[in-house]
Amino acid sequence: MDARSSVVPARSGRSLHRFANPGQFLRLSGKVLPWLFWTGGLLTAFSLVWGLFFAPDDWQQGDTVRIMYVHVPFAWLASAGYFALAVSSFASLVWRHPLADLAAVEIGPVGAGFTAVCLATGSLWGKPTWGAWWVWDARLTSVFVLFLLYLGHIALVRAFDDPTRGYRAGAILALVGVINLPIIKFSVDWWNTLHQPASIGLTGAPTIAASLLWPLLFSAIGFTLLFAAITTARVRAAVMERRIRSLLMARASSASGQEVTA
Amino acid sequence: MTHLPYIVAAYVIAIGVPLLFSVEVLFRTRSARRRLQAIDTRRERTRA
């Protein structure tokens, strides 16, 4: 038996599936990963120095607006990470692809960490601006629910002796939880919240001054590349760990087979 | 900067968490690669 058989998809070689072949993934991601890490790290450092030392104060919020350069990218990535988790879960349920399972398992902790940073930095922004560390406002509450969904997913995929059952249960939870993403996005429009409405949209012009917007965009791109780099590196490590387990199991089964024949 | 402690705390958390994840995955990858090289003997067999 080929020890790699457990990590090779059943229908590899067809359309996008060939790019999701674990061996192909290891080769491709090995080339892309250093670029992701270095570009993301340099862009993030550049944008944070810009935001911290060179961007102007806000006329209303003063210098606390500098927290925006870390809070907003983490808020976007908390939702984007969950969307990526849902897409992986969908691929896992529909195509039963082992790489999609690993991606879902590895995105979960990073997404939870980034959501926790979003909540913590938001709290640090809220105290000097609103006078409170936390309010049960619709935006804050829906992001907190997102954090709980991430934690639930992390716990659920590890709760079964058979990993495949854990992946399936986690995938269903991830897909059900997608309903929270539009709630987060539109919470500031649907309810009367303390949290400010969106300043940047896909359809209209931004309501934020360009001198504040540019460092924010660079920071968002930098943190996004770092998020992609961290999750890609985690999936690489998971593929290697799975291959180690397969090799050890193949070796153990061949050793026990030799004992029986002897 | 009148709110410096809040700003510094936010930046430390925002830089620290991705840094922790990066260091963790670096050690995890190194360990997996070493174990895989020790176990996987197929490359040597292919060369031979």
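On a predicted model such as this, the values are computed, not experimentally measured, just so you know. (Residues numbered from 1 in each chain as written. Chains lettered and ligands numbered in written order. Predicted model: local features only at pLDDT ≥ 70, side-chain atom pairs only at ≥ 80, totals over all residues.)

Novice: Summarise the overall build of chain A; cite the residues concerned and give the values.
Specialist: The number of helices and strands found in chain A is 7 helices and 0 strands. Starting at the N terminus, the α and β elements of chain A follow one another as α-α-α-α-α-α-α. Viewed in the frame of its principal axes, chain A has a C-alpha envelope of about 85 × 35 × 30 Å. Buried positions account for 37% of the 262 residues belonging to chain A. Put simply, 74% of the contacts in chain A that link residues at least 6 apart link residues at least 24 apart. (Helix = DSSP H or I, 4+ residues; strand = E, 2+ residues; numbered from the N terminus. Buried ≥ 20, exposed ≤ 12 C-beta atoms within 10 Å, placed from the backbone. Contact = placed C-beta atoms within 7 Å.)

Novice: Tell me about the nonpolar core, and please be specific about residues and values.
Specialist: Counting residues in each nonpolar core, the largest one holds 62 residues, and the members touching the most others are F74, A78 and A104 of chain A. The set of elements that each furnish at least two residues to this core consists of α1 (22-54), α2 (68-95), α3 (98-130), α4 (138-157), α5 (163-177) and α7 (210-261) of chain A together with α1 (4-39) of chain B. (Core = buried A, V, L, I, M, F, W, Y, C linked by C-beta atoms within 7 Å.)

Novice: Before we move on, could you go through unusual backbone geometry and cite the residues and values that matter?
Specialist: Residue and element names in this part refer to chain A. Positioned with a positive phi, R96 is a non-glycine residue whose angle comes to about 50 degrees. By secondary structure assignment, the location of R96 is in the loop between α2 and α3. For R96, a count of 15 C-beta atoms within 10 Å puts it in the partly exposed group.

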